[in-house]
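# Tertiary structure, described
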Amino acid sequence: MNALYYLIPIAIVLVIAAIWLFFWAVDSGQYDDLDGPAHSILFDDEDPAHTAAQKNAHSNDNNAKPND
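Structure report, in brief. (Residues numbered from 1 in each chain as written. Predicted model: local features only at pLDDT ≥ 70, side-chain atom pairs only at ≥ 80, totals over all residues. Heavy atoms only, no water.)

### Side note on the overall build of the protein
The helix and strand inventory of the protein stands at three helices and zero strands. For the protein, the succession of helices and strands along the chain, N to C, is α-α-α. Looking at the protein residue by residue over its 68 residues, the buried ones come to 3%. Working note: accessible area of the protein is about 6400 Å², and carbon and sulfur atoms make up 64% of it. (Helix = DSSP H or I, 4+ residues; strand = E, 2+ residues; numbered from the N terminus. Buried < 20%, exposed > 50% of the residue type's maximum accessible area, 1.4 Å probe, protein only. Areas by Shrake-Rupley, 256 points an atom, 1.4 Å probe, with all protein chains shown as cover.)

### Regarding the packing of aromatic side chains
A full pass over the atoms with the stated rule returns two aromatic pairs. Summarising the aromatic geometry, the rings of Phe22 and Phe23 are spaced 5.5 Å apart at their centres and angled 70° between planes, so their arrangement reads as edge-to-face. When the ring of Phe22 is compared with that of Tyr31, the centres are 6.2 Å apart and the planes differ by 40°; the resulting orientation is tilted. Judged by its relative accessible area of 42%, Phe22 is partly exposed. (Phe/Tyr/Trp six-rings, centres within 6.5 Å; stacked < 30°, edge-to-face > 60°.)

### A short note on the environment of Gly36
Structurally, the position occupied by Gly36 is in helix H2 (residues 36-40). Judged by its relative accessible area of 23%, Gly36 falls in the partly exposed class.

### A short note on helix H1 (residues 2-27)
Given a rise of 1.5 Å per residue, 26 residues ought to cover 38 Å, and the 39 Å separating the end C-alpha atoms of H1 matches this to within 8%. Positioned one or two residues after H1, Gly29 has a phi angle of 90°, which is positive. (Expected span 1.5 Å × (residues − 1).)

Shown next, in the form of structure tokens:
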């Protein structure tokens, strides 16, 4: 029974830390581009069509995001 006096506050602190870490990751942009890294391994970096598509995608991303 005495162990609960230690385990419950530790569990609450861990849950709060996990929630804070999740919101930090979302705010810092960790989940902005989930598909890009998965698709980038499929293409050759030296391919001119691929580089043009990347530049086009990055310019579209910059135009779509509002300025802070």
